[in-house]
Amino acid sequence: MAYVFSPAPVPTTAVANSEDRLPVRRIFCVGRNYAAHAREMGKDPDRELPFFFTKPADAVVMDGETIAYPPETENFHYEAELVAVVGTAGKNIPDADALSHIWGYAVGNDLTRRDLQLAARDKGRPWDMGKSFDRSAVIGPVHPVADTGHPQEGSIRLTVNGEVKQDADLAELIWGVDEIVSILSQSVELRPGDLIMTGTPAGVGPLKPGDTCVVSIAGLGEITSTIGPREA
């Protein structure tokens, strides 16, 4: 058998303190998983079941890269997030076993074309063009659980040009990583290389060309992105 055209390269992320690369299979994202962010988006923060959307694996952007201001938006937003990386396959995973399926954690930034997302939401349409565009998932080096354990509390912070925009604690997550993994695994079989962006705190806001955006999470370091000129 021959391919009609060459297969695309496998998207990967860096691994902390290693030359190895981690292959990315899928990217799942949890919507409105901090109460204060749910309120700022005009939604009830009560503990209803989480909902998920996806980004393509090749949306991954590494730490330190310049990201062109994307097309078709006038309201390009940052969203600081803890990223959990699946290392062991499973489906219908009980809460008590869920963390054993996590290989590691990373710092993430869920970039969003907010105007497109909200327009789709208001019409009852999918969010894909607001969330799943090219180079929309900044993912830092993945830290193995063996080195960091499972972060359940600690600072998550985002700055733009040195000014703090998001400042919260991982303890404020409405649904913890164990619960997210368990619930998601009822719908799909999770497999190694699946990334789960666990939601963003309050304080989301716009980026513009020339901005420098830094996301940090206690114990996992920080990632930096520079916003370049608008794409032609």
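Residues numbered from 1 in each chain as written. Predicted model: local features only at pLDDT ≥ 70, side-chain atom pairs only at ≥ 80, totals over all residues. Heavy atoms only, no water.

Q: Could you give me a rundown of the pattern of salt bridges, with the residues and numbers involved?
A: Two side chains of opposite charge can pair, provided their charged atoms sit close to one another. What the rule picks out here adds up to 13 salt bridges. Residue Arg230 pairs with Glu74 through a salt bridge whose shortest N-O separation is 3.3 Å. Highlighted residues: Arg230 in strand E18 (residues 221–230) and Glu74 in the loop between strand E6 (66–69) and strand E7 (76–78), separated in sequence by 156 residues. Exposure remark for Glu74: the relative accessible area of 64% places this residue in the exposed category. Across the pair Arg191 and Glu189 runs a salt bridge, and its minimum N-O distance is 3.5 Å. Classification of Arg191 as partly exposed rests on a relative accessible area of 37%. Through salt bridges with shared partners, a single ionic network connects Lys55, Glu79, Asp110, Arg114 and Lys131. (Salt bridge = Lys/Arg side-chain N within 4 Å of Asp/Glu carboxyl O. Helix = DSSP H or I, 4+ residues; strand = E, 2+ residues; numbered from the N terminus. Buried < 20%, exposed > 50% of the residue type's maximum accessible area, 1.4 Å probe, protein only.)

Q: Lay out the sheet that holds strand E14 (residues 163–169) in plain terms, naming residues and giving numbers.
A: Taken in spatial order, the five strands of this open sheet run E6-E18-E17-E13-E14, and their pairing is mixed. Two strands in the sheet have a free side with no partner beyond their single neighbour: E6 and E14. On average, adjacent strands in this sheet sit at an angle of 20° to one another, irrespective of strand direction. As paired strands, E6 and E18 are joined by four bridges and run parallel to one another. Opposite Ala68, over in E18, you have Gly228 as the bridge partner. (Pairing = 2+ DSSP bridges. Axes fitted to C-alpha atoms, helices over the stretch in contact; angles between N-to-C directions.)

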